[in-house]
Amino acid sequence: MSAVTVIQNNFNGGELSPLMGARTDQVRYGNGCKKLHNMMVLPHGPASRRPGFQFLGKCRDGGTRVRLVPFTFNADQAYVLEFGNKYMRVWKDGGLVTNLTGRPIEIGTPWTSDIVDSLSVCQSADVLFVASASCPPYKVCRTGHALWHLERVVLGSRMKPPTDLEVTKKGTASREYSYVVTAIDPFTREESEPSVAITLQGPETISVESSITLTWESEHNDAIYAVYKCWNESGKFGFVGQAKSRKWVDRGASPDFSEGFPIYRTMFQRADEYPSSVQFYQQRLCFAATNNQPQTIWMSQSGSYNNFNISDPLRDDDSVAATIAAERVNKIEWMVPGRQLIVGTAGSEWSLSGGENKAVTPSSIKFERQSVIGAAPLAPLVVGENILFLQQGGKVIRELQYSLQKDGYMGTELSILSEHLLKDNPVVSWAYQQEPYSVVWCVLSDGSLAAFTYEREHDVIGWHKHSSEGHFESVCCIHGDRGDELWCVVTRVVNGKNCRYVERLAPYGVNGIEEQFFVDSGVSYHGEKAETFSGLEHLEGKSIQALADGFVIPPQVVSEGSITLSHAASVVHIGLPYTSELIPMEQEVMLQSGSSRGRTRRVSRVCLHVHETAGLQVGVGSTAPQPVALREDAGLDLAPALFSGETVVEVNGGYEIQSNVVFRQSEPLPATLLSYSMQVEMGER
């Protein structure tokens, strides 16, 4: 019989698939886990208990699906928009934004709860563009903290064409001429559609003595005006001059037919012609994928997002329409801007550019296929220089990364080693929480959360699973005071009814035992010492946990929206309990006689290295987890202090073929495991 010591000093491998159970040769096996439930992998290597979810308020409609959409104006002004059944509400700083009378800001929308998940959105400053195949494009506009409105996207130039065009002439009338005038913004150079043409009989040869004078009216006081002239039967107009006033005199100018006036394009006016995707690229607003033209992208004029006009002949800043030429008609699902516009379709991934490092113009546009994978409709996430997207079906997550060797993008699968988490549960919503630990959160179809810590530059891709007493429905992230905030919609059953709540993941790594927040749908109290706490109607009839001044309170049932503690406390966190559990992979031990596989083993001692931890339990094999004493001065009158360091636990396990170590935390307290080692006695085969 021999005794060996086994150590695992990081958990960056995350929760691995059961199909990886024998892959001791795989690099991630040695730092992976059989189970990471309500535990997170940190980029540095430790596994840490996830914080709880703070209750912020109820959704307006508890019985219909709700989606959260981030709206970030700048680093200090970040909002969350609640899209429900034909309404939108606004959240900020943990609560609803209200008007002067205290009523929540709410605006009507054309989108039902059935389609809110399929809405495509993109933002420019204080305007959020929204596209859906079921209705015309709209934009959500913010003009102040409590001033929000919805308006339909009206295509065309912002500049209004001149009106009341009149002419006077000198000389004998013997030839027909036609004129139109446009208004030009002196700063953006955006040009209006032409005025109504005016036709007259003028002199055969226009000159100083035989001139034609045009006058007009305009609602723009500071506009510049362009004049276009037609003098032949083709009906084609050419540019003849500009005016800073509302008057121009033709003394014989010849039309330049290489420069024509803008032509208004009628688009997105009826069913089956509404775009389902929207994005920005190279200062152009891009719409894509109508039912009639699922592979076409329409791009606005450069710098003028609502203007889809063209000219005759075409100019470089005119709007663009481009269609992917492929073997099959695969609908465009999403677009992502970067050094190129990356386009995901149901059958493959493409890049759109001007070619040879040129800007996109009507005469310079190029599609290149990057991979033949096929994308799901859910909008991708941009993490650094990489694009994370869902493969068709929503059960595989891939990373689209630029490759110098290929001179293009490659789609690497990120979920292959943890495929069991998504196998029967496609992703229905996801968000990227960049700070502080770079985590991608995924809502699965069964209402649970799967997440993975993603640090590509350090080769960290560690998956973990999360759940709560309820079903997650939607997630989004905005920037907050302590890093990025994860917001979610959770459906919880209260008194037999489905209630939809807006909740937020509590901050990581708060200081002091009394400020630890490890309950779900929880609320906090800070104030004078009290025993009875109300405001818990959202948890009516639920068994809750509480942490009061650092002491764990035994479970209680909420009655009439309140609970009463056995002693008064000034800092209290109350909410639903959840259990965190970590089970490392069975470590391979190489003996002189060969592999330890198939031999019985007995774990007699486990050494834990923890950081700011309280209340951890440890078990081995079939032995139930037992509490670990993390400090010597523990007493009934002292709140548990956060412990950092090493501690040894005698576990007295029996001889078993598998001796899995189980780390568990069920109390509303933190736990961060840096590493563990165990003393293993090997039996005979």
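Below or above, wherever it landed, is the structure these notes cover. Since the model is a prediction, treat every value here as computed from it, not as a measurement.

When its secondary structure is counted, the chain shows 0 helices and 56 strands. The 685 residues of the chain split such that 55% are buried. Look at the contacts in the chain between residues 6 or more apart in sequence, and 63% of them connect residues 24 or more apart. Counting 60 positive and 77 negative side-chain charges, the chain places the centres of these two groups 4 Å from one another.

Turning next to the pattern of salt bridges. This structure, assessed with the given rule, holds 31 salt bridges. The shortest N-O distance in the salt bridge between D25 and R23 comes to 2.8 Å. Taking the relative accessible area as the measure of exposure, D25 reaches 59% and is therefore exposed. You can call R23 partly exposed: its relative accessible area is 36%. A salt bridge links E650 to R605; its shortest N-O distance comes to 2.9 Å.

Strand order in the open sheet formed by 4 strands is β18-β17-β20-β21, and the pairing between neighbours is antiparallel. Looking at which strands have only one partner, the edges of the open sheet turn out to be β18 (198-202) and β21 (238-243). Strand after strand, the sheet turns through a mean of 30° between neighbouring axes, direction not considered. Where strand β20 (residues 224-230) meets β21, 5 bridges bridge the pair, whose relative direction is antiparallel.

Tracing the sequence through the fold places G338 in the loop between β29 (332-336) and β30 (341-345). Of the residues examined, G338 reaches a relative accessible area of 46% and is grouped as partly exposed. Sequence-wise, G338 and V382 are 44 residues apart; in three dimensions their C-alpha atoms are separated by 9.6 Å.

Under the defined criterion, the tally for this structure stands at 25 aromatic pairs. Where Y228 meets F261, the ring centres are 5.7 Å apart and the plane angle is 80°; that geometry is what we call edge-to-face. In this pair, Y228 is assigned in strand β20 and F261 in the loop between β22 (247-250) and β23 (262-263), connecting sequence segments 33 residues apart. In this structure, Y228 and F261 share a single accessibility class: buried. Counting every residue linked through ring pairs, the aromatic cluster contains Y228, F237, F239 and F261. Taking NZ or CZ as reference, R142 lies 4.6 Å from the ring centre of F73, over its face.

Omega for the peptide link from D312 to P313 comes to 5°, which places this bond in the cis form. Assignment of secondary structure puts P313 in the loop between β27 (310-311) and β28 (320-323). Residue P436 is reached from E435 by a cis peptide bond, and omega for that bond is 5°. Considering the arrangement of structural elements, one finds P436 in the loop between β37 (427-433) and β38 (439-444). Despite not being glycine, R189 has its phi angle at roughly 65°, a positive value. Along the polypeptide, R189 turns up in the loop between β17 (175-184) and β18. The class for R189 is partly exposed, based on a relative accessible area of 44%. The phi dihedral of N495 falls on the positive side, at around 55°, and the residue is not glycine.

Spatially, β29-β30-β31-β32 is the arrangement adopted by the 4 strands of the open sheet, whose pairing is antiparallel. Every interior strand has two partners, whereas the edge strands, β29 and β32 (366-371), have only one. Neighbouring strand axes in the sheet, compared pairwise and without regard to direction, differ in orientation by 25° on average. In the sheet, β29 pairs with β30 via 4 bridges, with the strands oriented antiparallel. Residue pairing in the sheet places W334 in a bridge with G344 of β30.

Calculation criteria
- Residues numbered from 1 in each chain as written.
- Predicted model: local features only at pLDDT ≥ 70, side-chain atom pairs only at ≥ 80, totals over all residues.
- Heavy atoms only, no water.
- Helix = DSSP H or I, 4+ residues; strand = E, 2+ residues; numbered from the N terminus.
- Buried < 20%, exposed > 50% of the residue type's maximum accessible area, 1.4 Å probe, protein only.
- Contact = heavy atoms within 4.5 Å.
- Lys, Arg positive; Asp, Glu negative; His and termini not counted.
- Charge placed at Lys NZ, Arg CZ, Asp CG, Glu CD.
- Salt bridge = Lys/Arg side-chain N within 4 Å of Asp/Glu carboxyl O.
- Pairing = 2+ DSSP bridges.
- Axes fitted to C-alpha atoms, helices over the stretch in contact; angles between N-to-C directions.
- Phe/Tyr/Trp six-rings, centres within 6.5 Å; stacked < 30°, edge-to-face > 60°.
- Lys NZ or Arg CZ within 6 Å of the ring centre and 35° of its normal.

That's the geometry; what it means functionally is another story.
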